Amino acid sequence: MTLASRALAQLATWPDLRPAVPSCGLGQAVSSLQGEIAHFHSDRDVDLRLTDRAVRRFAKDFKGSGAIRIVPGSPWVTLRLDAASDVDLLLTLVSVALQAQDTWPDPADRPLSGCNDQRGAGFVKADLGAF
């Protein structure tokens, strides 16, 4: 079982989440009543949608983690699942995402931007460009 499939199996047991078709059309997703929360693009890369305010609030913490990539202006963060602790981090951040949607919702008239994979910000694409 890959780390992504382990995380997805755990999230499937959460009462506030349900499986979904990712809007980007790649991989698997989970959604809450407010919309998509996470896209599993590969066995290692996951895009997680937080609100803009939540991303700004945690930006310093995220920048200190090699497992998280931020795209300025995007409510999505990308996580690289390399270890079991990264799955724990993802589960914690999904909880934060659910709370952020209730506490700091994005304005209703603001269109949702595509996930980071659509912006070419995934770890795989960034890693390949380094060679």
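Look above for the structure.
Remember, predicted model here, so these are calculated numbers, not experimental data. (Residues numbered from 1 in each chain as written. Predicted model: local features only at pLDDT ≥ 70, side-chain atom pairs only at ≥ 80, totals over all residues. Heavy atoms only, no water.)

1. A look at the packing of helix 1 (residues 3-11) against helix 3 (residues 84-103)
Item 1. Axis separation between helix 1 and helix 3 bottoms out at 10 Å; the angle between their running directions is 35 degrees. For the pair helix 1 and helix 3, the sense of crossing is right-handed. Judged by residue contacts, L3, R6, A7, Q10 and L11 of helix 1 engage A84, V87, D88, L90, L91 and V94 from helix 3.
Item 2. Classifying every residue of the contact of helix 1 with helix 3 gives eight nonpolar, one polar and two charged. (Axes fitted to C-alpha atoms, helices over the stretch in contact; angles between N-to-C directions. Helix = DSSP H or I, 4+ residues; strand = E, 2+ residues; numbered from the N terminus. Left-handed = near helix turned anticlockwise from the far one by under 90°. Contact = heavy atoms within 4.5 Å. Nonpolar A, V, L, I, M, F, W, Y, C, P; charged D, E, K, R; others polar.)

2. Quick word on the nonpolar core
Item 1. Counting 29 residues, the largest nonpolar core has I37, F40, L48, L50, V77, L90 and V94 as the members making the most contacts within it.
Item 2. Of all the secondary structure elements, the ones that give two or more residues to this core are helix 1, strand 3 (35-40), strand 4 (45-49), helix 2 (52-63), strand 6 (76-80) and helix 3.
Item 3. If one sorts the elements of this core by residue count, helix 3 sits on top with nine residues.
Item 4. With near-sequence residues (within four places) excluded, I37 lies in contact with L17, V30, S31, S32, D47, L48, R49, W76, V94, A97, L98 and Q101. (Core = buried A, V, L, I, M, F, W, Y, C linked by side-chain atoms within 4.5 Å. Buried < 20%, exposed > 50% of the residue type's maximum accessible area, 1.4 Å probe, protein only.)

3. Quick notes on the environment of V87
Item 1. By secondary structure assignment, the location of V87 is in helix 3.
Item 2. By relative accessible area, V87 is classed as buried at 0%.
Item 3. Here the alpha-carbon distance between V87 and R44, two residues 43 residues apart in the chain, equals 10.0 Å.
Item 4. Beyond its immediate chain neighbours, meaning those up to four positions away, V87 contacts L3, R6, A7, Q10 and L81.

4. What to know about the pairing of strand 3
Item 1. Strand 3 sits mainly inside the fold: five of its six residues count as buried.
Item 2. Where strand 2 (residues 28-32) meets strand 3, five bridges bridge the pair, whose relative direction is antiparallel. In the strand pairing of strand 3, V30 is matched with A38.
Item 3. Bridge analysis of strand 3 against strand 4 gives three bridges, and the strand direction is antiparallel. The residue bridging F40 from the neighbouring strand is V46, located in strand 4.
Item 4. Adjacent in sequence and paired antiparallel, strand 3 and strand 4 are bridged by four residues. (Pairing = 2+ DSSP bridges.)

Keep in mind these values describe shape, not function.
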